[in-house]
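# A look at the structure
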Amino acid sequence: MLSYILRRIGLALVITVLAVTTLFVIIHAIPGDPVSTMLGPRASEDMRAALEQRMGLDRPLPVQIALFFGNMLRGDLGTDVFSNRAVTEIVLGQIPYTLVLILASIAWSAVLGIALGCYSAVRRNSLGDRLTGILSVSVIAVPAFVVSLYSLLIFAVRLQWFPAIGAGDTGDILDQLHHLVLPSLAIGLSWVGYIARLVRASMLEVLGEGHIRTARAFGLPERRVILGYALRLAILPTVTVIGVGMGFLLSAAVFIEIVFSRPGLGSLVIDSIMQRNYPVVMGSVLFSTLIFVASTTLADIVNAILDPRIRSGK
Amino acid sequence: MSDTSLPKPRSEMGETMHHLLRDPLGLVGLVIVTLIVGSALLAPWIAPYDPIAMNIPDRLQGPSAAHLLGTDQIGRDTFSRVIWGGRVALQVALPTIGGAVAIGLILGMAAGYGPKWLDTLIVLFFDTLRSFPTVMFALAVVALVGPSLNTVILVIMATSIPTYGRVVRTLTQSLKEAEFITAERALGASTLRIMGVHLLPNVLGPLAVLAAMDIPTVVGLEAGLSFLGMGVRPPTPSWGSLLNDGYSLIRNTPWLIIAGGIPLILTTIGFTFLGEALRDVVDPKLRGKGGK
């Protein structure tokens, strides 16, 4: 078990190193460079040279990559050229907002999705099951930002039930929750259907297994069999899917933060692009990549702990 | 000659269509997809107005007989922009998915059929590409080269390669051990022949299903990036830029948002239903692999 976990973490490190290097190489390979992007077309040669030196862009590529990794290990992702604040500090200040949004979205959609999936599996082929199936398929791929715009239009602008902008007053939990409803609805909606389908499929599989038949044969009440025994196994795939889905959640969060004018990684990236604040853009992309790699790794490890078949490498 | 009552065997294509038409959701999907693709192809003939022609006196109107979905802030006909927007959506989706499928196919088959070291290398490449959240990655590139359709296409293509590559690799690995491949090899068939003539046709079906189900995702991403102002440049009509206009005018008129969102929802439902139905016909084992 331990060796699997270590191997998986090792792989995650290799992937992180490769991903960061790829980002670096792409920046150098594609036309356009950060310095001209930030200074605009009318910059003098002196200004260019000064900024290049300040950002370390005047050194050879391998040296830059090595330096970057060295600095990264010390938690230093450079300084924001405009405000002179550390990029790490700026990005870390925004991450909690994005994580709260993502966690809230996945929490409500997992609860509802698992309940619907469970119901569909138990009442297989009933009208409710079919309706859940059709609804699930229909909402799975509707882009979150379309849902967010519609919900903004209906519930914030027309009905005025929920606030349209911001994340709520700091310190006022109720106000913050109130601000979280529409954004998390938008991100979570497609996940309800997805999780419901997943749980339904794995529940049907589990219900056919021996230990469930045994539990029934012992005369345990059906409720107890379903909720106490079958569901525990049937929600396992959901864990993996949420871990792997972190990339989708982060992507969706970018749009939702813009639509609802919430602070967070997405708003930070867009604002930084508008200001041509290159170091902050790179820092945000890097952090979101780290979050993504960490969550897929974690999902794999949790899954391996819960399901011994995976460890042996199938 | 006595006429036996055995039905005439249908061709594979006919068989697929037959199953598709019998599945109500598949039929709905087929109709929606035909409608979207058809209107995008016929846009110059069916759009009632020029999608970029301004008409200030008629600005911000609600739906009427003259303008089915109203007009935007400079009087452009929203319905015509929706129809032309479908062209942009397909112009992005088709090359993106085509490119990703082609590269994923080559790399996936090489990984699945080739030596172990090549497999390890390619899988590592897939995992690295997959580790970038697509939108963040796209934004980083756009920040450097500026917004353009080609940037959007290249970035989404790059991050989609692993999806196809991994499926092709798994399929190739399981086919490699199949008896008919072993027999071919024993008969002295070259690796290229085995891959091109025997593996490829068996991999294409499931791949087509995945590609169909991926179209809404790509269309949604293009719309999203255009919504953020990082994709299509104005005045080119795109569903995303319609939504962007609608967002900034949300307190003036609901119609731009409604008009920009509906084609995206229809595209999603159409291709997803069609993909699901196709999958049930092509390969029931792929159940649950689509979606996220």
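Residue indices follow the written sequence of each chain, beginning from 1 at its first position. Labels follow written order: the first chain is A, the first ligand is 1, and so on. Totals for whole chains, interfaces and linings use every residue, but because this is a predicted model, local features are given only for residues with pLDDT of at least 70 and side-chain atom pairs only at 80 or more, for both listing and counting. Values reported for side chains reflect all heavy atoms of the structure, with hydrogen atoms and water molecules removed beforehand.

## A closer look at the overall build of chain A
As a reminder of what qualifies: Runs of E in the DSSP output that reach at least two residues are strands. Runs of H or I that reach at least four are helices, and both are numbered from the N terminus. Throughout, exposure labels follow a simple rule: accessible area from a 1.4 Å probe, protein chains only, divided by the maximum for the residue type, with under 20% read as buried, over 50% as exposed, and the rest as partly exposed. Contacts: residue pairs with any heavy atoms within 4.5 Å of one another. Accessible surface is estimated by sampling points in the Shrake-Rupley manner with a 1.4 Å probe; for residues, cover comes only from the protein chains shown. Charge assignment: positive for Lys and Arg, negative for Asp and Glu; neither His nor the chain ends contribute. Working definition for charges: the position is that of NZ of Lys, CZ of Arg, CG of Asp or CD of Glu.
Looking only at helices and strands, chain A has 15 helices and 0 strands in total. Buried positions account for 48% of the 314 residues belonging to chain A. Partitioning the intrachain contacts of chain A with sequence separation of at least 6 by distance along the chain shows that 72% fall at a separation of at least 24. Element-wise, carbon and sulfur atoms account for 66% of the exposed surface of chain A, whose accessible area totals about 15400 Å². Charge separation in chain A, taken as the distance between the mean sites of 24 positive and 19 negative side-chain charges, equals 14 Å.

## Focus: the overall build of chain B
In terms of helices and strands, chain B carries 11 helices and 0 strands. Counting from the amino terminus, chain B carries its helices and strands in the arrangement α-α-α-α-α-α-α-α-α-α-α. Viewed in the frame of its principal axes, chain B has a C-alpha envelope of about 75 × 65 × 30 Å. Scored against the burial criterion, the 292 residues of chain B give a buried share of 51%. Within chain B, residue pairs in contact and separated by at least 24 positions form 69% of the contacts whose partners lie at least 6 positions apart. Entry remark: accessible area of chain B is about 13300 Å², with carbon and sulfur atoms responsible for 66%. Between the mean site of the 21 positive side-chain charges and the mean site of the 19 negative ones, chain B shows a separation of 5 Å.

## Quick look at the pattern of salt bridges
Defined as follows: Salt bridge, as used here, is a side-chain nitrogen of Lys or Arg placed within 4 Å of a carboxyl oxygen of Asp or Glu.
Applying the stated criterion across every chain, the model contains 8 salt bridges over all chains. Among the salt bridges present, the one from Arg8(A) reaches Asp300(A), with a minimum N-O distance of 2.6 Å. Of this pair, Arg8(A) sits in helix H1 (residues 2-29) while Asp300(A) sits in helix H14 (residues 278-306), and the two are 292 residues apart along the sequence. Exposure remark for Arg8(A): the relative accessible area of 13% places this residue in the buried category. Across the pair Arg169(B) and Asp119(B) runs a salt bridge whose closest N-O atoms are separated by 2.6 Å. Placement of Arg169(B) in helix H7 (residues 149-176) and of Asp119(B) in helix H5 (residues 116-130) is noted, with a sequence separation of 50 residues between them. For Arg169(B), a relative accessible area of 19% puts it in the buried group. Bridged by salt links that share partners, the residues Asp127(B), Arg130(B) and Arg166(B) form one connected network.

## A short note on unusual backbone geometry
Residue and element names in this part refer to chain A. A positive phi angle, close to 65°, is found at Asn-125, a residue other than glycine. Considering the arrangement of structural elements, one finds Asn-125 in the loop between helix H5 (87-122) and helix H6 (127-140). By relative accessible area, Asn-125 is classed as partly exposed at 48%.

## Examining the packing of helix H9 (residues 191-227) of chain B against helix H10 (residues 239-248) of chain B
Residues and elements named next belong to chain B. Test applied: Working convention: axes come from line fits to C-alpha atoms, limited for helices to the stretch in contact. Angles between N-to-C directions cover 0 to 180 degrees. For classification purposes, an angle smaller than 35 degrees is called roughly parallel, one larger than 145 roughly antiparallel, one from 65 to 115 roughly perpendicular, and anything else oblique. Crossings are classed by handedness, with left-handed meaning an anticlockwise turn of the near helix from the far one by less than a right angle and right-handed meaning a clockwise turn.
At a minimum axis separation of 7 Å, H9 and H10 run at an interaxial angle of 40°. In terms of orientation, H9 and H10 fall into the oblique class. For H9 against H10, the interelement crossing comes out right-handed. Residue-level inspection shows Val-219, Ala-223, Ser-226 and Phe-227 of H9 in contact with H10, the latter providing Trp-239, Gly-240, Ser-241, Leu-243, Asn-244 and Tyr-247.

## A word on the domain arrangement of chain A
Where we set the bar: All domain edges in this entry derive from an automatic or database-based domain assignment.
Parsing chain A into structural domains produces domain 1 (2-59) and domain 2 (92-311). Using only C-alpha atoms to locate each centre, domain 1 of chain A and domain 2 of chain A end up separated by 32 Å.

## Observations regarding the nonpolar core
The test is simple: Residues enter a nonpolar core if they are buried and are Ala, Val, Leu, Ile, Met, Phe, Trp, Tyr or Cys, with the set joined through side-chain atoms within 4.5 Å.
Of all hydrophobic cores here, the largest spans 153 residues; its most connected members are Phe145(A), Met203(A) and Leu139(B). Among the domains, domain 1 (2-59) and domain 2 (92-311) of chain A are the pair contributing at least three residues each to this core. Every residue in contact with Phe145(A), bar those within four places of it in the chain, is listed here: Phe255(A), Ile256(A), Gly220(B), Ala223(B), Gly224(B), Phe227(B), Leu243(B) and Leu264(B).

## What to know about the interface of chain A and chain B
This is how the line gets drawn: What qualifies as a polar contact is a pair of N or O atoms within 3.5 Å, subject to a donor-acceptor requirement within protein and to the restriction that residues adjacent in sequence count only when both atoms come from side chains. Any residue that is not Ala, Val, Leu, Ile, Met, Phe, Trp, Tyr, Cys, Pro, Asp, Glu, Lys or Arg is counted as polar, Gly included; the first ten are nonpolar and the last four charged.
Listed by partner, the interface residues are 58 residues for chain A and 45 residues for chain B. The tally of links between chain A and chain B comes to 1 salt bridge. Counting the contacts that link chain A with chain B gives 6 residue pairs in polar contact (both at pLDDT 80 or more). Secondary-structure elements contributing two or more residues to the side of chain A that touches chain B are H1, helix H2 (34-39), H6, helix H7 (144-158), helix H8 (173-207), helix H12 (246-259), helix H13 (265-274) and H14 of chain A. Looking at the side of chain A that touches chain B, the element that brings in the most residues is H1(A), giving 9 residues. In terms of residue class, the side of chain A that touches chain B is made up of 44 nonpolar, 11 polar and 3 charged.

## Describing the packing of aromatic side chains
Stated formally: Only rings of Phe, Tyr and Trp enter the pairing, Trp through its six-membered ring, and a pair is recorded when the two centres are within 6.5 Å. The plane angle decides the type: under 30 degrees is stacked, over 60 is edge-to-face, the rest tilted.
What the rule picks out here adds up to 7 aromatic pairs over all chains. Through a chain of ring-to-ring contacts, three or more aromatic side chains come together here, namely Phe145(A), Phe255(A), Phe227(B) and Tyr247(B).

## Focus: the environment of Ile83(B)
Residues and elements named next belong to chain B. For Ile-83, the position within the fold is in helix H4 (residues 78-113). You can call Ile-83 buried: its relative accessible area is 8%. Residues Ile-83 and Asp-127, spaced 44 residues apart in sequence, show a C-alpha to C-alpha distance of 38 Å. Residues in contact with Ile-83, not counting those within four places in the same chain, are Ser-39, Ala-40, Ala-43, Ile-46 and Ala-47.

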